Amino acid sequence: MRESMEFDVVIVGAGPAGLSTACRLMQQAQQAERELTLCVVEKGSEVGAHIFSGAVLEPRALTELFPDWEERGAPLNTPVTGDEIYLFQDAERAKRIPNSLVPSSMHNQGNYVISLGNLTRWLAEQAEELGVEIFPGFAAAEILYHDNGAVKGIATGDMGVGADGKEKSGFMPGMELHAKYTVFSEGCRGHLGKQLIAKFALDEGVDTQHYGIGIKELWDIDPAKHKPGLVVHGAGWPLDKDTNGGSFLYHGENNQVVVGLVVDLSYSNPYLGPFDEFQKMKHHPVFKDTLEGGKRVSYGARAMTKGGLNALPKMCFPGGLLVGCDAGTLNFAKIKGTHTAMKSGMVAAETIFAALQTDEEGGKELNAFTEALKDSWLYDELYRSRNFGPAMHKFGTFWGGAFNYIDQNWFKGKLPFTLHDNNPDYAQLKEASECTPIEYPKPDGKISFDKLSSVFLSNTNHEEDQPCHLTLKDDTVPVKRNWGLFAGPEARFCPAGVYEFVETPEKDDMQLQINAQNCLHCKTCDIKDPSQNITWVVPEGTGGPNYPNM
Amino acid sequence: MKILVMVKRVSDPNVMIRVSADNSSVDLNNVKMAINPFCEIAVEEAVRLKEAGIASEVVALSIGTSQSQEQLRTALAMGADRGILIESEGPLESLTVAKLTQKVIAEEQPGLVILGKQSTDTDNSQTGQMLASLMGWAQGTFASKLEIDGESINLTREVDSGLQTVRLSMPAVVTCDLRLNEPRFASLPNIMKAKRKPLDIKPIADFGVDLTPRIKTLMVETPNERQGGEVLSSVAELVEKLKTEKGVI
């Protein structure tokens, strides 16, 4: 029997969305002099351990939440000082696009180059000061429902279960956390969010969701090359014309830069490896000149939800709300999701607090949230950028980019029609027989690296003796279908070397080996598996990467 | 009997660390910190003794920066009754820590002090031994088994040649090895309760212990990267390589 605890609100995931929800709830409670019990669970070993983002922050939501963030010491230390956008033609050449031709959504004046990990840690301090209880190392493993179907809360995962499913010494059963309202802010493709969307058909009547995978590294560079606040974006090479995505290089503080690549998971060639594309990309002079002589400090990867407004599911259901990237509030035209995730959390907090003021019981479906969201700047922003992603998918990087320039700069995103892309990412993968294998250059150990040495830098760690958290619906599918038809794409789209196809001991066939300890919790496998056979579930709490200032 | 258990905040042993740019120290900026794993074993042992009805109170002591409160809270969540933090700015040497602990012992009068055998950051393995000497108490280091027998402790030590069992009279100092126990997970309700348990913070200056360092760190360097091996096809080739490339024969 699991023990249970009662709260007014339980929040799943201590990221920007969840912590903004928590802070805003407590601010209102203090103002109204009302006691409010609030609990945030976080699967990472500490707050910030699983936070992974570019990041350039638009401070709008933060300023609304904490107008005095500067005095409170928020880690926004590097204002953007310059924007450079390149169209990469090949391994050597790149065209810098004049600022006047850049879609206005991609201008960054007034924004900051930040470490989202550090901002999140700071937000957690603010939340705790406001009286929020945050519990890192506890993964929400299961959604609990009332008899009437409303969400009742969550249960944290059991600790101390062996790989064979049996209890080990020191076994500790999970806890049931009951709440009047439960807020799910797990980030992109949250494993509970996915269940909620399915159970309550939240995505009915909206476009298919689309995703990208972002891979990035943190580097210490030669101080002579460091230009704090410089933001570089690129499109084109190394991705082919059928593959969307973009590269970035941000100069942060302390002689550090982040360099990364986002590859849309709508890519079609199963031989493509986002990790390998990224390693190859760094050899372009635009990046190499900055990185040369520097030292790589950290590495990580995370999927991102980029379908925008067209694919935004309904975010409320009886007893709870879905916020941030768990729903998909990222503004793809700005390539930013933090301010929108925070805002969605704040609106959620306001809706929940108002509901609790009039109805103590909770457990209702907060349709008021949908209305409040529509009235907020968040909706306006997402509406204006609704065509950005679909245009890139439909017309490719160049013509899509041109469309976006006209749409964003001339019409401010208010063109009277909406583009759609309803082919899910996993279904866009072509069979290997229709595609050309891609030969990637060997890493040089200075600018580019292999997968395993990269994963090592993510500090990812999982208790070894536990059930595999990458579950297969059908054990025969990986070899029969994924290997047979698609040449085993999971070995390539996984940025952490979790999936490996190896020969069976009898050497007569292939088998899939899952190195679950390597997992970075990026969720790409759950999204891109062409057979939709892999389901990502939470491992034992504290497992996963331990990102520093990522 | 009261047990004093010591807790140190160190960089999480699962996490990579880097040498600072000027080679003066390890760069701990943005590095995840944790309770020293050997200290965690010490806390677990103390809590088990309390649960067995042998100890009446478990007091956790940490000497370090203000953030060490987090590790003390971990100890409290595991079952320690209260915490004491002697707050200091910079790193301290083992002898200083032992002398500060001596002062705490004078005040708290524990019958048993349990520590980790070493901390994973500096790997000194000194504090327990120094403390026992300063106190003139019996010491049992590298413990893998501990049994209280009236006023004595039967203690199994992990030594180079195998296991050694010693009998100590209390009060005593015990340092733990890895196999002594398997620390528990702190449960959610216990973490919540731990937030309300007493935690005294005392400035280091109040103890009148000389903090002047006796050791000077000259340089901190990363170990050399391992050179990749090479498979050769014949003995002749090996001899040739050893002669020409390596110049060893």
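Under an unreviewed UniProt entry, the name given to chain B is Electron transfer flavoprotein subunit beta, and the source organism is Marinomonas pollencensis. Checking UniProt for chain B, the heading Subunit (unreviewed entry) contains the comment "Heterodimer of an alpha and a beta subunit." The UniProt entry for chain B carries the following comment under Function (unreviewed entry): "The electron transfer flavoprotein serves as a specific electron acceptor for other dehydrogenases. It transfers the electrons to the main respiratory chain via ETF-ubiquinone oxidoreductase (ETF dehydrogenase)."

Taking an unreviewed UniProt entry as the reference, chain A is identified by name as Electron transfer flavoprotein-ubiquinone oxidoreductase belonging to Marinomonas pollencensis. A UniProt comment under Function (unreviewed entry) is attached to chain A, and it reads "Accepts electrons from ETF and reduces ubiquinone."

Here we come to the sheet that holds strand β7 (residues 112-113) of chain A. Residues and elements named next belong to chain A. Read across the open sheet, the three strands follow the order β3-β7-β4; overall the sheet is antiparallel. The strands lining the two open edges of the sheet, one partner per strand, are β3 (56-57) and β4 (78-79). One ladder, built from two bridges, connects β3 with β7; its direction is antiparallel. Bridging across to β7, L57 finds its partner in Y112.

Turning next to the interface of chain B and chain A. Each partner contributes to the interface: chain B provides 16 residues, whereas chain A provides 21 residues. When residues of the side of chain B that touches chain A are assigned to their parent elements, the largest contribution, four residues, is made by helix α5 (residues 188-194) of chain B. The class makeup of the residues in the side of chain B that touches chain A is eight nonpolar, three polar and five charged.

This part is about the UniProt feature "domain: FAD-binding" (unreviewed entry) in chain A. In the UniProt entry, the feature "domain: FAD-binding" (unreviewed entry) is given for residues 7-208 of chain A. Taken end to end, residues 7-208 of chain A comprises 22% helix and 30% strand; its first and last C-alpha atoms sit 34 Å apart.

To continue, consider the pairing of strand β16 (residues 245-251) of chain A. Residues and elements named next belong to chain A. Counted residue by residue, β16 has seven buried out of seven residues, so it is predominantly covered. Burial along β16 is two-sided: the face carrying G245, S247, L249 and H251 and the face carrying G246, F248 and Y250 are both buried. Of the strand pairs in this sheet, strand β15 (residues 230-236) and β16 are connected by four bridges, and their pairing is antiparallel. Directly across from G234, in β16, lies its bridge partner S247. As paired elements, β16 and strand β17 (residues 256-264) share seven bridges and run antiparallel to each other. In the sheet register, F248 faces β17, and the bridge partner there is G260. Taken together, β16 and the strand that follows it, β17, pair antiparallel across an intervening segment of four residues, in which N254 is found at a positive phi of about 55 degrees.

Conventions we followed
Residues numbered from 1 in each chain as written. Chains lettered and ligands numbered in written order. Predicted model: local features only at pLDDT ≥ 70, side-chain atom pairs only at ≥ 80, totals over all residues. UniProt positions renumbered as here; feature names shortened; annotations may be inferred. Pairing = 2+ DSSP bridges. Helix = DSSP H or I, 4+ residues; strand = E, 2+ residues; numbered from the N terminus. Contact = placed C-beta atoms within 7 Å. Nonpolar A, V, L, I, M, F, W, Y, C, P; charged D, E, K, R; others polar. Buried ≥ 20, exposed ≤ 12 C-beta atoms within 10 Å, placed from the backbone.

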